Amino acid sequence: MSFIARRQLSTLIPPKIASVKNIGENPNAKRMGELVSFYKKLPTGPAPAAKKPINPFLRYKAAYFDGNNASGKPLVHFAAFILILGYTWEYQTHLKHHH
Amino acid sequence: MKKMFMHSPLEQFEMKMLLMMNDMLALSMTNYVVYLGMVSFMMYNMMTLLNKTNLEWNRWGLAMLAMYDTMLNMVKSQMGNKGGYYFPLMFTLFTFMLMANLVSMMPYSFAMSAQLVPVVSLSLSLWLGVTMLGLAKHKLVYFSLFVPNGTPLPLVPVLVLMETLSNSSRAMSLGLRLSANVLSGHLLMLMLGSLMFNLMNSSMFGMFFGMMPMLGVVAMVMLEFAMSMMQAYVFCMLFSGYMKDSMYLH
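Here goes a summary of the coordinates provided. Remember, it's a predicted structure, so these values are computed and weren't measured experimentally. (Residues numbered from 1 in each chain as written. Chains lettered and ligands numbered in written order. Predicted model: local features only at pLDDT ≥ 70, side-chain atom pairs only at ≥ 80, totals over all residues. Heavy atoms only, no water.)

### Some details on the nonpolar core
Counting residues in each nonpolar core, the largest one holds 50 residues, and the members touching the most others are Met71, Phe239 and Met243 of chain B. Put simply, the parts of the chain that give this core at least two residues each are helix 5 (73-93) of chain A together with helix 1 (31-45), helix 2 (59-79), helix 3 (87-103), helix 4 (116-138), helix 5 (156-202) and helix 7 (211-248) of chain B. Considering every element that reaches this core, the biggest residue donor is helix 3 of chain B, with 10 residues. Aside from chain neighbours lying at most four places away, what touches Met243 of chain B is Met79, Tyr86, Leu89, Met90, Val130 and Leu133 of chain B. (Core = buried A, V, L, I, M, F, W, Y, C linked by side-chain atoms within 4.5 Å. Buried < 20%, exposed > 50% of the residue type's maximum accessible area, 1.4 Å probe, protein only. Helix = DSSP H or I, 4+ residues; strand = E, 2+ residues; numbered from the N terminus. Contact = heavy atoms within 4.5 Å.)

If you want it as structure tokens, here you go:
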């Protein structure tokens, strides 16, 4: 197998970080040391909460559209908005002139 | 109580001014323009609902995908794989009609699709576009669309006349169908609602008797919700059919 072919193959095969054989190895072995230091560097504990956006539109989106927060509530909000807008408009232009 | 209700069923379709320009309705800011802006804003922001925040689609994303898939299936079944070129147009038309129709179902809102002038203008320009597409694609052969296959020669002049009439009437009928359906639905809902209110307001007996039209109103509202979705679909389905005629002739 030529060098180039091996290079191409190595992009397909994931790097060997740990294997069953390695786990049984001497804990002081170089490969195991690298493995432990790699995992030690990773952040621990629960994931930090995502920053709340300042933009009111993005905040609304985060609260009612994103991920598991997705719900039909925006439709209710929209209906209420239309109701208030429509009635105000109708009242000002029309209904208040009826006696 | 008098100030809560409209006094004529046709009042709901009136254009109301916000800003008047040169004493003309054409360039003024009316409730039609406001609702048009609202629907356009929602359509523009719809794409943000399709972002994947988790590994799977959320409920909004799935709703959008369902709409997308419905339209894609319809376009492919009508126009085949080549119809994909026109899918963005169809999807935009469908979402616009659907949102405009559904927004008009909210109380005190404005029925954009019931306005004959803009809807028929839209259908007219769509028909014109489809005709131009056919002429650009097939040149003079496009006119073979007006002669059905296997017509005996003596019948050709009559059939050409009839086919030309039927083809050009599509420009009107497409918009008229949507507009008339929405208009009649809204009128009926309001008239039934007023009947129910007047009956229940009249006496104790009328209060109980008014329950019957109330069931009718509920049924009508449900029917109108279904109708507003169906009409958007039917508009796009018929338009794809017309487009198919222009693309493949027979």
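### Some words on the packing of helix 3 of chain B against helix 7 of chain B
All names here are of chain B. Interaxial distance between helix 3 and helix 7 falls to 9 Å at its minimum, and their mutual angle equals 155°. With respect to helix 7, the element helix 3 is oriented roughly antiparallel. The interaxial crossing formed by helix 3 with helix 7 has right-handed handedness. Contacts between helix 3 and helix 7 involve Leu89, Met90, Leu93, Phe94, Met97, Leu98, Asn101 and Leu102 on the former and, on the latter, Phe225, Ser228, Met229, Gln231, Ala232, Tyr233, Phe235, Cys236, Phe239, Ser240 and Met243. (Axes fitted to C-alpha atoms, helices over the stretch in contact; angles between N-to-C directions. Parallel < 35°, antiparallel > 145°, perpendicular 65-115°, else oblique. Left-handed = near helix turned anticlockwise from the far one by under 90°.)

### Section: the pattern of salt bridges
A pair can form between side chains of opposite charge whenever their charged atoms are brought close. In total, this model carries 3 salt bridges over all chains according to the counting rule given. Across the pair Lys61 of chain A and Asp66 of chain A runs a salt bridge, and its minimum N-O distance is 3.2 Å. Residue Asp66 of chain A is classed as buried on the basis of its relative accessible area of 19%. We note a salt bridge from Arg170 of chain B to Asp245 of chain B, for which the minimum N-O separation is 3.1 Å. (Salt bridge = Lys/Arg side-chain N within 4 Å of Asp/Glu carboxyl O.)

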